[in-house]
Amino acid sequence: QVQVVESGGGLVQPGGSLRLSCTASGTIFTIIVMGWYRQAPGKQRELVATSGGSTNYADSVKGRFTISRDNTKNAVYLQMNSLKPEDTAVYYCNADIVGITGKRNYWGQGTQVTVSS
């Protein structure tokens, strides 16, 4: 069984930085895409950044956030700099993983990021 687990959220002041981590575990043959999504209160979940054959960022985070992967650890990271109050949301890790049952899409449980003074 495959699991995806995030860590690294918290409370930070505007202009500060946070680094989110996500690790996939279980019987994994290959990970096609890993990425981050977020959902603010009262809003729909939205893409933040993905890393597969290429990287993709939401316009609202370009130049401030950086996604990276460590394929040896089945991990993806999100370095968030110059954080703004509007970045406040629950951040979810998402991955397309090929395992014993074939290709499936997995979500983590989410980690809260709060940007406030």
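Everything below is about the structure printed above this text.
Every value quoted in this text rests on a predicted model; they were computed, and no experiment measured them.

Chemist: Would you mind showing me how to read the pairing of strand 7 (residues 65–70) here?
Modeler: In summary, the side chains of a regular strand alternate between the two faces of the sheet. Pairing geometry for strand 7 and strand 8 (residues 75–80), over six bridges, is antiparallel. In the strand pairing of strand 8, arginine 69 is matched with valine 76. Linking strand 7 back to strand 8 in an antiparallel pair, the connection comprises four residues, with asparagine 74 at a positive phi of about 50°.

Chemist: Looking at this structure, I do not really get the environment of serine 21. What am I missing?
Modeler: Inspection of the secondary structure assignment puts serine 21 in strand 3 (residues 18–25). Considering only alpha carbons, one finds serine 21 and glutamine 112, 91 residues apart in sequence, at a separation of 12 Å. When near neighbours in sequence (up to four residues on either side) are disregarded, serine 21 contacts Val5, Glu6, Ser7, Trp36, Val76 and Tyr77.

Chemist: I tried to follow unusual backbone geometry on my own but got confused; where do I start?
Modeler: Trans is the prevailing form of peptide bonds, just as negative phi is the prevailing case for residues other than glycine. Phi is positive for asparagine 74, close to 50°, though the residue is something other than glycine. Structurally, asparagine 74 can be placed in the loop between strand 7 and strand 8. When its relative accessible area of 25% is taken as the criterion, asparagine 74 is described as partly exposed. Even without being glycine, serine 82 reaches a positive phi, approximately 50°. The residue serine 82 is located in the loop between strand 8 and strand 9 (89–99) in this model. Take serine 82: its relative accessible area is 41%, and that puts it in the partly exposed class.

Chemist: How do you make sense of the side chain of aspartate 87 when you look at a structure like this?
Modeler: Summarising the element assignment, aspartate 87 is placed in the loop between strand 8 and strand 9. At a separation of 2.8 Å, a polar atom in the side chain of aspartate 87 contacts the main-chain amide nitrogen of lysine 84.

Chemist: I tried to follow the state of the cysteines on my own but got confused; where do I start?
Modeler: Formally, a disulfide is one covalent bond, and it connects the sulfur atom of one cysteine to the sulfur atom of another. In this structure the tally under the stated criterion is one disulfide. Disulfide partner of cysteine 22: cysteine 93, at an S-S distance of 2.0 Å. When the S-S torsion is -80°, as for the bridge of cysteine 22 with cysteine 93, the disulfide is left-handed. Within this pair, whereas cysteine 22 is found in strand 3, its partner cysteine 93 is found in strand 9, the two being separated by 71 residues in sequence. Cysteine 93 shares its class with cysteine 22; the two are buried.

Chemist: So what exactly am I meant to see when it comes to the nonpolar core here?
Modeler: A general tendency of soluble globular proteins is for nonpolar side chains to be buried together. Judged by nonpolar contacts, the single largest core of 30 residues is most densely connected at Trp36, Leu78, Met80, Tyr91 and Ile97. Of all the elements in the fold, those that place two or more residues in this core are strand 3, strand 4 (28–39), strand 5 (46–51), strand 7, strand 8, strand 9 and strand 11 (111–115). When residues in this core are grouped by element, the largest group, five residues, is from strand 9. In contact with methionine 80, other than residues within four places in its own chain, are Gly16, Ser17, Leu18, Leu20, Arg64, Phe65, Tyr91 and Val113.

Reading guide: rules and limits
Residues numbered from 1 in each chain as written. Predicted model: local features only at pLDDT ≥ 70, side-chain atom pairs only at ≥ 80, totals over all residues. Heavy atoms only, no water. Pairing = 2+ DSSP bridges. Helix = DSSP H or I, 4+ residues; strand = E, 2+ residues; numbered from the N terminus. Contact = heavy atoms within 4.5 Å. Buried < 20%, exposed > 50% of the residue type's maximum accessible area, 1.4 Å probe, protein only. Polar contact = N/O pair within 3.5 Å; in protein donor to acceptor, adjacent residues only side chain to side chain. Disulfide = S-S within 2.5 Å. Core = buried A, V, L, I, M, F, W, Y, C linked by side-chain atoms within 4.5 Å.

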